[in-house]
Amino acid sequence: MFEGKIIDLSHEITNFTYPGDPEFKLNPLNVENYTISEIKLGSHISTHIDYPKHVGIDNNNIEGDSKDIVIGTGFCVNIKNLDEFLNQLHADKTRKIDILLINTNISKYWGRKEYIEKEIDIEPYLDDILNISPKAVGVDCASIGNYEVHKELLSNGIFIIENLNNLEKLENKYFTFVGLPLKIRDVDGAPIRAISFIENLK
């Protein structure tokens, strides 16, 4: 029997978008007495995944067999301790993580202009992240870095997940991460429902 804690890591989809991105619109329609809503949204709205096409790289290497589902062993580290943590991973080859989550504490500004204004820079840690080769790297802010950071990660087969939430609950913990993007063929990104399981098996 599974006994553990599930933490929702996704923000609600609302009309809070990165400047220049398509706005979110929900238009309820009446169709033969049924309510059926027309939904308009950008591919990088709210909590979302970036695919290689986001930076002009072919998506073919992730097509099929549900390879866009992000699942595996995760670990969350505060960005202030990222350098030390990556060094520890290099020193201890027995430790393996699939999904690296970086807590910036910026998610507390979600829905406010400060959220967009605050930026992080993981470029100094990029080589070390590439060396541990996770399936995905996620952050609780609007962007993981500049175009070159995106291109380096995505061209090396590492998915990017942005606008995560509740990472402070996972800091310094191992967990099972599950991320389920909307299943849209050959797109540059998609909203993703991301959750973590902190397991206590009996």
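Residues numbered from 1 in each chain as written. Predicted model: local features only at pLDDT ≥ 70, side-chain atom pairs only at ≥ 80, totals over all residues. Heavy atoms only, no water.

1. Structural notes on the pattern of salt bridges
Part 1: Tallied over the full model, the rule gives 3 salt bridges.
Part 2: Residue R193 is joined to D8 by a salt bridge in which the shortest nitrogen-to-oxygen separation is 2.7 Å. Taken together, the residues R193 in strand β10 (residues 189-201) and D8 in strand β1 (residues 2-8) connect sequence positions 185 residues apart.
Part 3: Residue class for R193 comes out exposed when judged on its relative accessible area of 52%.
Part 4: Residues R112 and E114 are paired through a salt bridge, measuring 3.6 Å at the closest nitrogen-oxygen approach.
Part 5: Look at R112 and you get partly exposed, because its relative accessible area is 40%. (Salt bridge = Lys/Arg side-chain N within 4 Å of Asp/Glu carboxyl O. Helix = DSSP H or I, 4+ residues; strand = E, 2+ residues; numbered from the N terminus. Buried < 20%, exposed > 50% of the residue type's maximum accessible area, 1.4 Å probe, protein only.)

2. Quick notes on a negative patch on the surface
Part 1: A grouping of D121, E123, D127, E148 and E152 is seen on the molecular surface, where their side chains present a negatively charged patch.
Part 2: Tracing the sequence through the fold places E148 in helix α4 (residues 147-155). (Patch = residues over 30% accessible without salt bridge, like charges linked within 9 Å, V, L, I, M, F, W, Y side chains within 5 Å. Areas by Shrake-Rupley, 256 points an atom, 1.4 Å probe, with all protein chains shown as cover. Lys, Arg positive; Asp, Glu negative; His and termini not counted. Charge placed at Lys NZ, Arg CZ, Asp CG, Glu CD.)

3. As for the nonpolar core
Part 1: Judged by nonpolar contacts, the single largest core of 33 residues is most densely connected at L100, I102, I122, I129, I144 and L153.
Part 2: Those elements giving two or more residues to this core turn out to be β5 (70-78), α1 (82-91), β6 (99-103), α2 (113-117), α3 (126-132), β7 (136-139) and α4.
Part 3: In this structure I144 touches I120, I122, V137, V139, V149, H150, L153, I160 and E162, once residues within four positions along its chain are discounted.
Part 4: Grouped together as the second largest cluster of nonpolar side chains are 21 residues, L9, Y51, C76 and L101 included. (Core = buried A, V, L, I, M, F, W, Y, C linked by side-chain atoms within 4.5 Å. Contact = heavy atoms within 4.5 Å.)

4. A few points about the pairing of β7
Part 1: Burial along β7 is two-sided: A136 and G138 and V137 and V139, pointing in opposite directions, are all buried.
Part 2: As paired strands, β6 and β7 are joined by 4 bridges and run parallel to one another. Opposite L100, over in β7, you have V137 as the bridge partner.
Part 3: Here β7 runs beside strand β8 (residues 159-162); their pairing, made up of 3 bridges, is parallel. (Pairing = 2+ DSSP bridges.)

5. Structural notes on the side chain of T104
Part 1: Mapped onto the fold, T104 is located in the loop between β6 and α2.
Part 2: In terms of polar contacts, T104 uses its side chain to reach the backbone amide nitrogen of I106, at 3.2 Å.
Part 3: A polar side-chain atom of T104 sits 2.6 Å from a polar atom in the side chain of D140.
Part 4: Residue contacts for T104: discarding those within four places in its chain leaves I79, I120, D140 and C141. (Polar contact = N/O pair within 3.5 Å; in protein donor to acceptor, adjacent residues only side chain to side chain.)

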